[in-house]
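One letter stands for each residue in the lines below.
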Amino acid sequence: MTITAAEYSLYLFFFSWCWLSVAVSAFTDVFVFAKERRDILTATEEFRLNPSTRAAVYSSFYLGWLFGDPFFGWIADKWGRHPSVYIATALGLIFQASCALAVGPYSLFSLRLFAGVCMGGADLVAYVHCIELSGVQQRATSGSVMQCFFACGLCLAGSFAVVLPDWRQTYFVAALPTAL
């Protein structure tokens, strides 16, 4: 498949934006499950989570990521890279925003698990597809650009947590980059 430079640039930007949204979704937990913060209400305080429950809910996103990579990799091989990225990103948006509606630690665990499955799939397939589209001389640049977007997502996650006073708002706003 031959693509023009303009198409390649558009794909690189789109898939890099996927990485930004994955980073925001992934690292919002750092602030939501803070043991104690004086400036915001955390999920730890609201649900009165003990350390082991907090750790389980916190790591559920990464557990989902672990299963999302091979699952969406299989979908990408079966149905194509584009549909796989779009499906993973759309479902990730829904589950990430739904985390703001969690009623307890078990619902938050489940929603974060499914968000992790979707975001893990979006992460892997977007990166692989972008690298596949690039020429041999552009691969290092493509990977570097995507990593820069990931770093920007980390900064956005921290910014959202500083500005927003409630963990539910933080989860909801963290889904906005995915919506764009």
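Residues numbered from 1 in each chain as written. Predicted model: local features only at pLDDT ≥ 70, side-chain atom pairs only at ≥ 80, totals over all residues. Heavy atoms only, no water.

### Concerning the nonpolar core
Considering soluble globular proteins, one finds that nonpolar side chains tend to be buried as a cluster. Just so we agree on the cut-off: In this description, a nonpolar core means a group of buried Ala, Val, Leu, Ile, Met, Phe, Trp, Tyr and Cys residues linked to one another through side-chain atoms lying within 4.5 Å. Burial classes follow relative accessibility: with a 1.4 Å probe on protein chains only, a residue under 20% of its type's maximum area counts as buried, one over 50% as exposed, and anything between as partly exposed. Helix and strand definitions follow DSSP, with helices as H or I runs of at least four residues and strands as E runs of at least two, each counted in order from the N terminus. Any pair of residues with heavy atoms lying within 4.5 Å of one another is described as a contacting pair.
By size, the foremost hydrophobic cluster in this structure holds 25 residues, and its most contacted members are Phe15, Val22, Phe61, Phe72, Val85, Ala126 and Met146. Mapped onto this core, the elements with two or more residues apiece are helix 1 (5–27), helix 4 (51–79), helix 5 (81–98), helix 6 (105–133) and helix 7 (139–163). For Phe15, the contacting residues outside a window of four places in its chain are His82, Val85, Ala126, His129, Cys130, Leu133 and Met146. Counting 13 residues, the second largest nonpolar core, distinct from the first, contains Val57, Cys99, Leu111 and Tyr171.

### Side note on the packing of helix 4 against helix 5
What counts here: All axes here are fitted lines through C-alpha atoms, helices being fitted over the stretch that makes contact, and every angle between N-to-C directions spans 0 to 180 degrees. By definition in this entry, angles of less than 35 degrees are roughly parallel, angles greater than 145 are roughly antiparallel, angles of 65 to 115 are roughly perpendicular, and the rest are oblique. Helix crossings are classified by the rotation of the near helix relative to the far one: an anticlockwise turn of less than a right angle makes the crossing left-handed, while a clockwise turn makes it right-handed. The nonpolar class holds Ala, Val, Leu, Ile, Met, Phe, Trp, Tyr, Cys and Pro. Asp, Glu, Lys and Arg form the charged class, and all remaining residues, Gly among them, are polar.
Where helix 4 contacts helix 5, the two axes come as close as 7 Å, and the packing angle between them is 140°. In terms of orientation, helix 4 and helix 5 fall into the oblique class. Crossing of helix 4 against helix 5: the hand is right-handed. Across from Phe72, Ile75, Ala76, Asp77 and Trp79 in helix 4, the residues of helix 5 making contact are Arg81, Pro83, Ser84, Ile87 and Ala88. Here the residues of the contact of helix 4 with helix 5 are counted per class, giving seven nonpolar, one polar and two charged.

Purely geometric numbers; function is a separate question.
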